[in-house]
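Structure assessment
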Amino acid sequence: MDGNQHPIESVRMRCRYTSEVYLKPGEQVVSKVFDSTLFDHLDSTWDFKVGPSPSSTWLTFSVDFGFKSPLYRSVAAVFFEEVVQRMMAAFEGRCKVVYGASSLTKKPANARQVHKPLTARA
């Protein structure tokens, strides 16, 4: 478990939150936010599976979040796709630095699917 501070800045909105990160080496990373004035909840999971070719890995990333404020929900709906794209680009960029270029063909950015509606959890 590791407590990390993560700043978020967009549309003149600034928030800090603390997350607990849990690691199952070689399998999964789970992050759960607590101590946030912005999020009701923010949970992310990174699952790693053996890929189709030697030294490759399939990655599944999921995120579940809800905002405490209806105003934040409205603003987030406008910028959601941009935030997802930035998160994926940052992850992929770091992987390239650490592990080198991918040996797999990358799907076009518009091929990514978002399955989570922007609604608050009751």
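The model shown is predicted, which means the values in this text are computed figures rather than measured ones. (Residues numbered from 1 in each chain as written. Predicted model: local features only at pLDDT ≥ 70, side-chain atom pairs only at ≥ 80, totals over all residues. Heavy atoms only, no water.)

This part covers the overall build of the chain. What the chain contains, in helices and strands, is 1 helix and 5 strands. Within the span of the chain, comprising 122 residues, buried residues form 20% of the whole. Within the chain, counting contacts between residues at least 6 apart in sequence, those at least 24 apart form 31% of the total. Working note: accessible area of the chain is about 9,000 Å², and carbon and sulfur atoms make up 57% of it. (Helix = DSSP H or I, 4+ residues; strand = E, 2+ residues; numbered from the N terminus. Buried < 20%, exposed > 50% of the residue type's maximum accessible area, 1.4 Å probe, protein only. Contact = heavy atoms within 4.5 Å. Areas by Shrake-Rupley, 256 points an atom, 1.4 Å probe, with all protein chains shown as cover.)

For the rest of this paragraph, the subject is the environment of Cys15. Tracing the backbone shows Cys15 in strand β2 (residues 13–24). On the accessibility criterion, Cys15 (6% relative accessible area) is buried. Residues Cys15 and Thr37, 22 residues apart in the sequence, show an inter-C-alpha distance of 7.4 Å.

The subject of this paragraph is the nonpolar core. Core analysis: the largest hydrophobic core is formed by 10 residues, namely Cys15, Tyr17, Val33, Leu38, Phe39, Leu42, Phe65, Phe67, Ala76 and Phe80. Among the secondary structure elements, those contributing two or more residues to this core are β2, β4 (39–50), β5 (57–67) and α1 (70–99). (Core = buried A, V, L, I, M, F, W, Y, C linked by side-chain atoms within 4.5 Å.)

Attention now moves to the pairing of β4. The side chains of a regular strand alternate, residue by residue, between the two faces of the sheet. Here strand β3 (residues 28–34) pairs with β4 via 5 bridges, running antiparallel. Bridged to Gln28 within β4 is Asp47. Adjacent in sequence and paired antiparallel, β3 and β4 are bridged by 4 residues, among which Asp35 carries a positive phi angle near 60 degrees. Pairing of β4 with β5 involves 11 bridges; the strand directions are antiparallel. Paired with Val50 across the strands is Thr57, a residue of β5. Once β4 ends, the chain turns through 6 residues before running back antiparallel as β5, passing Ser55 with a positive phi of about 60 degrees. (Pairing = 2+ DSSP bridges.)

In total, this model carries 5 aromatic pairs according to the counting rule given. Taking 5.6 Å as the distance between ring centres and 90 degrees as the angle between the ring planes, the aromatic pair formed by Tyr17 and Phe39 counts as edge-to-face. With Tyr17 in strand β2 and Phe39 in strand β4, this residue pair connects regions lying 22 residues apart in the sequence. Summarising the burial analysis for this pair, Tyr17 and Phe39 share the class buried. (Phe/Tyr/Trp six-rings, centres within 6.5 Å; stacked < 30°, edge-to-face > 60°.)

The next thing to look at is the pattern of salt bridges. Enumeration according to the criterion identifies 1 salt bridge in this entry. Of the charged contacts, one joins Arg86 and Glu82 as a salt bridge, the two residues approaching to 2.7 Å between their closest N and O atoms. Of the two residues, Arg86 and Glu82 are both situated in helix α1; the distance of 4 residues between them amounts to about one turn of the helix. Among the residues examined, Arg86 registers a relative accessible area of 56% and is labelled exposed. Judged by its relative accessible area of 36%, Glu82 falls in the partly exposed class. (Salt bridge = Lys/Arg side-chain N within 4 Å of Asp/Glu carboxyl O.)

Interpretation in functional terms is not warranted from these geometric data alone.
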